[in-house]
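Structural overview for review
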Amino acid sequence: MSKLVHLCSDEVTRHLPPFSVLYNALRDTMVEYCVKRSVVQPVRQQLYVPGTTDRFIPMPAIVASRGVMGIKVVCAVPSNTGKGLPTHLGMIQLYKLTGELLCQMDAEEITAKRTAVCSALATKSLARPDSKILAILGAGVQARSHIWAINQLFELDEIRVWNRNPQRAVDLVQELNNNKSETNKILYSPCTSIEEACDNADIICTVTSSVNPILLNRHVKPGAHINVVGASSPTTREVGDDLMLNVNVIVVADCMKAAKLESGDVVQSGATIRTDIGHVINAPTSRDLSREPSRDPCSITLFKNLGLACQDVVTAHLVYQSYVTEKETDQ
């Protein structure tokens, strides 16, 4: 039996693959899951602690093409606020198909990166290739990872950051400016309102913990692309009905079945999901979703990114492979 490996957060971060490797791996995984149906995973269950909004969320998946299966367990505990304890905790266990436990690792950085890369996949497929302005609504972990991922694929001129707490937006912009290279000419701007952040923006990412809609139809220009990431339960949402139900909005999900059950933006608005992202990736010239000149320039694309267990398993497998390779090299 293989020796069990435990990777803490710092080790996971060190062994995360480069963007291009993760991008290609998750692209293939989404096609396997949505089109080929060769990935096995159930719709996510969310178990509530009685009398609270605290959730225990098991997320299993089998990715036979990689010879692995695994489970991520997330504890979302809003009641920890003010107790000096994290509100989100997660662990991933990775197994061989024989059932042997290979590794367990902290899930935070894997979740951040795989979520952002999946948004990047959708943005590459749905946004206009000449997109120049990125608006980020939120200033936490997912804000940082989405800036990292989308910046890999587009020649951006400006990245704007809004947060309900304006100082957090200022702090994130300062961090981005401090870390940018001499060749990086992007203008990073903190914004005091959603209107300011989204004005003429080509790509908008909502990565907040909002319970009620913050992004409305009037905030979004015709032809823009939106990644809706933050709301992951039927009772929470980030996007207003007027935008979700706009006839010029094409809604795409990472998993149509899951979005119809889990996404408050979809459930509460009754919006129709056109397709899932795996089919878009697999058929990039689809007439109704492509960004070819013949497409209606007024159409807005909206990607609902809930996050899937198969993405966690594939990313964890890449991390584990990097760890094993390093150990073999050291011997």
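These numbers come from a predicted model, not from an experiment. (Residues numbered from 1 in each chain as written. Predicted model: local features only at pLDDT ≥ 70, side-chain atom pairs only at ≥ 80, totals over all residues. Heavy atoms only, no water.)

1. Some thoughts on the pairing of strand β11 (residues 203-206)
Regular strands show a simple pattern: their side chains alternate between the two faces of the sheet. Side-chain alternation along β11 places Ile203 and Cys205 on one buried face and Ile204 and Thr206 on a second face that is also buried. The pairing of strand β8 (residues 133-137) with β11 spans four bridges and is parallel. Bridge pairing in β11 links Leu137 to Thr206. In terms of strand pairing, β11 meets strand β12 (residues 225-228) through four bridges, oriented parallel. The partner of Thr206 across the bridge, within β12, is Val228. (Buried < 20%, exposed > 50% of the residue type's maximum accessible area, 1.4 Å probe, protein only. Helix = DSSP H or I, 4+ residues; strand = E, 2+ residues; numbered from the N terminus. Pairing = 2+ DSSP bridges.)

2. Topic: the packing of aromatic side chains
A complete count under the given rule lists two aromatic pairs for this structure. Ring geometry for Phe19 and Tyr23: centres 5.5 Å apart, planes at 35°, overall tilted. Separated by four residues within a single helix, Phe19 and Tyr23 lie in helix α2 (residues 19-36), roughly one turn from each other. Like Tyr23, Phe19 is buried. (Phe/Tyr/Trp six-rings, centres within 6.5 Å; stacked < 30°, edge-to-face > 60°.)

3. A look at the layout of surface pockets
In this structure, the largest pocket spans a volume of roughly 1,700 Å³. Taken together, 49 residues form the lining of the largest pocket, with Thr87, His88, Thr208, Ser209 and Gly230 sitting closest to its centre. Looking at the lining of the largest pocket, the elements with two or more residues in it are β4 (55-63), β5 (68-76), β6 (88-96), α3 (108-126) and α4 (141-150). In terms of residue count, α3 provides more of the lining of the largest pocket than any other element does, five residues in total. Across the lining of the largest pocket, the residue classes break down as 19 nonpolar, 22 polar and eight charged. Reported here for the second largest pocket is a volume of approximately 310 Å³. Lining the second largest pocket we find Arg144, Ile147, Trp148, Asn151, Gln152, Glu175, Leu176, Asn179, Lys180, Asn184, Ile186 and Tyr188. (1 Å grid on protein atoms, 1.4 Å probe; cavity = no way out; pocket = protein on both sides within 12 Å on 5 of 7 lines; lining within 4 Å. Points joined across faces, edges and corners; volume = space filled by probe spheres on them. Nonpolar A, V, L, I, M, F, W, Y, C, P; charged D, E, K, R; others polar.)

4. Focus on the pairing of β5
Of the two faces of β5, only one is covered, namely that formed by Val68, Gly70, Lys72, Val74 and Ala76; the face formed by Met69, Ile71, Val73 and Cys75 stays uncovered. Here nine bridges tie β4 to β5, and the two strands are oriented antiparallel to one another. By the bridge assignment, Arg55 is partnered in β5 with Ala76. Where β4 folds back on β5, the antiparallel hairpin that results is connected by four residues, among which Gly67 adopts a positive phi of roughly 75°. Of the strand pairs in this sheet, β5 and β6 are connected by nine bridges, and their pairing is antiparallel.

5. Section: empty space enclosed by the protein
Under the criterion given, the structure shown has one cavity of 30 Å³ or more. Considering only enclosed or pocket space, the largest cavity measures out at about 100 Å³ in volume. What lines the largest cavity is a set of 16 residues, and nearest its centre among them are Gln41, Pro42, Arg44, Gly307 and Leu308. For the lining of the largest cavity, the secondary structure elements donating two or more residues are β4 and α8 (256-262). The element best represented in the lining of the largest cavity is β4, accounting for three residues. Across the lining of the largest cavity, the residue classes tally to 11 nonpolar, two polar and three charged.

These figures capture arrangement, not role.
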